[in-house]
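Single-letter residue listing:
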Amino acid sequence: MERHQNISADIPKWSALLIEAVNKPGLIMKAYSAFHSYSIGNQLLAIVQCQMRGLQPGPINTFPKWQALGRHVKRGERALTLCMPITRKRRGENCEEESNGEGTFPSFVYKSRWFVLEQTEGQDLPPQVIPDWEDNRALPALNVERIPFDSTDGNCQGFARKRQIAINPVAQLPHKTLFHELAHVIIGHTLEADFADTEKTPRSLREVEAEAVALLCCEALELEGADYCRGYLQNWLYQGIGFDASAIPEKSAQKIFRAADQIIRAGRPREKLDAED
Ligand SMILES: [Zn+2]
């Protein structure tokens, strides 16, 4: 049934890509600066493939898009594989997937269609500009309200309630705390409970999800806090019996990548309608 299963067989799982990003400081930053118009999951997929093949990370496009840009793919070059979201019609019982109640559910397929700059030749490209990110753009776009910090707990760095967040004006890492609290809202944790975060993040899967989103955002946008998040996540991953690659469930990894993407895209200037290919 699935035409692309043969391609996806050797593609790393999202949880494995996330652990790679946790364990390799600088990887997300490099991936974002080369591939910022793609989703974070695809950025990491692309950079891992570039590293395996010894290709310089840089702009990526499909074969026809390179032609439109006045360049052509060199003979014999093998395409990179990225993931594309699709909407599937529900057929039969499949409790694994989340349904939107309309008989369809989001899914994705892997396709090998992209080539990095180094695999092409022709006209020079205009210089790449990385869009800036602003929290004042992100919050309204995400339908999240920033409220005054009213906690009397001196250790509290920030909190999230329903679709409201507050950051302690003297928070140690204000951007990290902002991303962490936004993640609690966007992933849906605040539908279940309020979150008040002290400078010691407790050990729970929800906190891992929020902290991983903060890591991806801080490192991609080069804002202070990535080291702290990395320390927390490594500590969590290596606890007890040592390194546990399956410690972060695949479903959590997907939520983490999706939330980080939403936050990053929401804070950038409105993008021109330009599909990923
Ligand atoms: Zn938290």
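Above this text you will find the structure in question.
Residues numbered from 1 in each chain as written. Predicted model: local features only at pLDDT ≥ 70, side-chain atom pairs only at ≥ 80, totals over all residues. Heavy atoms only, no water.

**Considerations on the pattern of salt bridges**
Here the idea is simple: oppositely charged side chains can pair when their charged atoms come close.
Phase 1 of the analysis: Applying the stated criterion across every chain, the model contains 8 salt bridges.
Phase 2 of the analysis: The partner of Glu20 in a salt bridge is Lys24, and the shortest N-O contact between them spans 2.6 Å.
Phase 3 of the analysis: Judged by its relative accessible area of 26%, Glu20 falls in the partly exposed class.
Phase 4 of the analysis: When its relative accessible area of 36% is taken as the criterion, Lys24 is described as partly exposed. (Salt bridge = Lys/Arg side-chain N within 4 Å of Asp/Glu carboxyl O. Buried < 20%, exposed > 50% of the residue type's maximum accessible area, 1.4 Å probe, protein only.)

**Section: the state of the cysteines**
Phase 1 of the analysis: Applying the stated criterion to the full structure yields 0 disulfides.
Phase 2 of the analysis: Of the cysteine sulfurs around Cys229, a residue in no disulfide, the closest is that of Cys218, at 5.0 Å.
Phase 3 of the analysis: Note on Cys229: relative accessible area 0%, which makes it buried. (Disulfide = S-S within 2.5 Å.)

**So, the coordination of the zinc ion**
Phase 1 of the analysis: Around the zinc ion, the protein supplies His180 (NE2), His184 (NE2), Asp197 (OD), Asp197 (OD) and Glu207 (OE) as donor atoms, at distances of 2.1 to 2.6 Å.
Phase 2 of the analysis: Judged by relative accessible area, which is 0%, His184 ranks as buried. (Donors = N, O, S within 2.8 Å, 3.2 Å for Na, K, Ca; no water.)

**Points about the packing of helix 8 (residues 205-220) against helix 10 (residues 250-266)**
Phase 1 of the analysis: Two elements in contact, helix 8 and helix 10, have axes whose closest approach is 9 Å; the angle formed by their N-to-C orientations is 40°. Between helix 8 and helix 10, the interaxial angle falls into the category oblique. Between helix 8 and helix 10 the crossing geometry is right-handed. From helix 8, Leu205, Glu209, Ala212, Val213, Leu216, Cys217 and Ala220 reach across to helix 10, where they touch Ser252, Lys255, Ile256, Phe257, Ala259, Ala260, Ile263 and Ile264.
Phase 2 of the analysis: For the contact of helix 8 with helix 10, the per-class residue count stands at 12 nonpolar, 1 polar and 2 charged. (Axes fitted to C-alpha atoms, helices over the stretch in contact; angles between N-to-C directions. Helix = DSSP H or I, 4+ residues; strand = E, 2+ residues; numbered from the N terminus. Parallel < 35°, antiparallel > 145°, perpendicular 65-115°, else oblique. Left-handed = near helix turned anticlockwise from the far one by under 90°. Contact = heavy atoms within 4.5 Å. Nonpolar A, V, L, I, M, F, W, Y, C, P; charged D, E, K, R; others polar.)

**A short note on the sheet that holds strand 9 (residues 195-198)**
Consider a sheet: its strands pair through backbone hydrogen bonds, and that pairing is either parallel or antiparallel.
Phase 1 of the analysis: The strand order across the open sheet built from 4 strands is 6-8-7-9, with neighbouring strands paired in mixed fashion. In the strand order of this sheet, the two ends are held by strand 6 (145-146) and strand 9, each with one partner.
Phase 2 of the analysis: Bridge count for strand 6 against strand 8 (residues 164-167) is 2 bridges, and the pairing is parallel. Residue Arg146 lies in a different strand from strand 8, and its bridge partner there is Ile165. (Pairing = 2+ DSSP bridges.)

**Things to note about the packing of helix 2 (residues 14-23) against helix 9 (residues 226-237)**
Phase 1 of the analysis: One can describe the packing of helix 2 onto helix 9 by two numbers: an axis separation of 9 Å at closest approach and a directional angle of 120°. Viewed along their axes, helix 2 and helix 9 adopt a mutual orientation that is oblique. Regarding helix 2 and helix 9, the two cross each other, and that crossing is left-handed. Contact residues: helix 2 offers Ile19, Ala21, Val22 and Asn23, while helix 9 offers Arg230, Leu233, Gln234 and Leu237.
Phase 2 of the analysis: Across the contact of helix 2 with helix 9, the residue classes tally to 5 nonpolar, 2 polar and 1 charged.

**Some thoughts on the pairing of strand 4 (residues 104-116)**
Phase 1 of the analysis: When strand 1 (residues 60-62) meets strand 4, the two strands line up antiparallel, connected through 3 bridges. Among the inter-strand pairings, Thr62 is bridged to a residue of strand 4, identified as Trp114.
Phase 2 of the analysis: Looking at chain direction, strand 3 (residues 80-89) and strand 4 are connected through 10 bridges and run antiparallel. Across the sheet, Met84 pairs through a bridge with Val109, a residue of strand 4.

**A closer look at the sheet that holds strand 3**
Phase 1 of the analysis: Here 3 strands make up an open sheet; going across it, the order is 1-4-3 and the pairing antiparallel. This sheet does not close on itself; its edge strands, each paired only once, are strand 1 and strand 3. The average angle at which neighbouring strand axes cross in this sheet is 50°, direction not considered.
Phase 2 of the analysis: Taken strand by strand, helix 4 (residues 40-53) contacts strand 1, strand 3 and strand 4, and its axis lies near 150° from that of strand 3.

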